[in-house]
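Okay, here's what each chain looks like letter by letter:
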Amino acid sequence: MQLSDLYAEDLVYEREATERTGIPGPVLRKWASRGRIRRFPGDGRPSGLGHGQRTMYALPEIKALAATYKPTPQRRPRQPTP
């Protein structure tokens with residue numbers, strides 16, 4: 001996807017992307033750090049939780065990757081040895 005293909009309404013904050021696609025926030029941040037999706041500077045709008053939102057993501061890129069996303073089950077805690 002080219003940068004010129006994006007519209008202003010395609011850029012969403014992490015919380016909005018999680019609500020629309022079901023992909024957890026840490027997964028979005030990991031994809032961005034690995035270069036699978038692009039990060040864009042946000043406007044610092046308050047999130048309602050006392051923190052300013054600084055990063056926006058392109059929703060079409062996330063939706064393309066969400067089709068192949070499979071959540072990894074967490075490991076079972078180790079049982080203490082008697």
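For the structure, see preceding data.
Within each chain, residue numbers correspond to sequence positions counted from 1 in written order. Thresholds applied to this predicted model are a pLDDT of at least 70 for local features of residues and 80 or more for the giving and counting of side-chain atom pairs; totals over whole chains, interfaces and linings are not thresholded and use all residues. Note that the side-chain values use all heavy atoms of the structure and ignore hydrogens as well as water.

K.L.:
Before we move on, could you go through helix α2 (residues 25-33) and cite the residues and values that matter?
P.N.:
Within the sequence span of α2, burial applies to Gly25, Leu28, Trp31 and Ala32. Looking down the long axis of α2, one finds its buried residues gathered within 120 degrees of arc, a one-sided arrangement. Each element contacted by the buried residues of α2 is listed here: α1 (14-21), β2 (39-41), β3 (55-58) and α3 (59-66). A helix here means a DSSP run of H or I that spans at least four residues, while a strand means a run of E at least two residues long, and both kinds are numbered starting from the N terminus. Downstream of α2 by a residue or two, Gly35 has a phi angle that is positive, lying close to 85 degrees. Whether a residue is buried, partly exposed or exposed follows from its accessible area with a 1.4 Å probe, protein chains only, as a fraction of its type maximum: under 20%, in between, or over 50%, in that order. Here the arc refers to the directions that run from the helix axis out to each C-beta atom. We call two residues in contact whenever any of their non-hydrogen atoms come within 4.5 Å of each other.

K.L.:
Could you give an account of the sheet that holds β3, with specific residues and numbers?
P.N.:
A pair of strands is considered paired only if DSSP assigns at least 2 bridges between the two. Strand order in the open sheet formed by three strands is β1-β3-β2, and the pairing between neighbours is antiparallel. The sheet is open, and its two borders are formed by β1 (11-13) and β2, each paired with just one other strand. With direction set aside, neighbouring strand axes in the sheet form an average angle of 45 degrees. Across three bridges, the pairing between β1 and β3 is antiparallel. Within β3, the position partnered with Val12 by the bridge is Tyr57. Sheet contacts for α3: β1 and β3; angle to β3, the most-contacted strand, approximately 60 degrees. Between N-to-C directions, angles span 0 to 180 degrees; the directions come from axes that are lines fitted to C-alpha atoms, helices contributing only their stretch in contact.

Remember that the coordinates give geometry; whether it matters functionally is a separate question.
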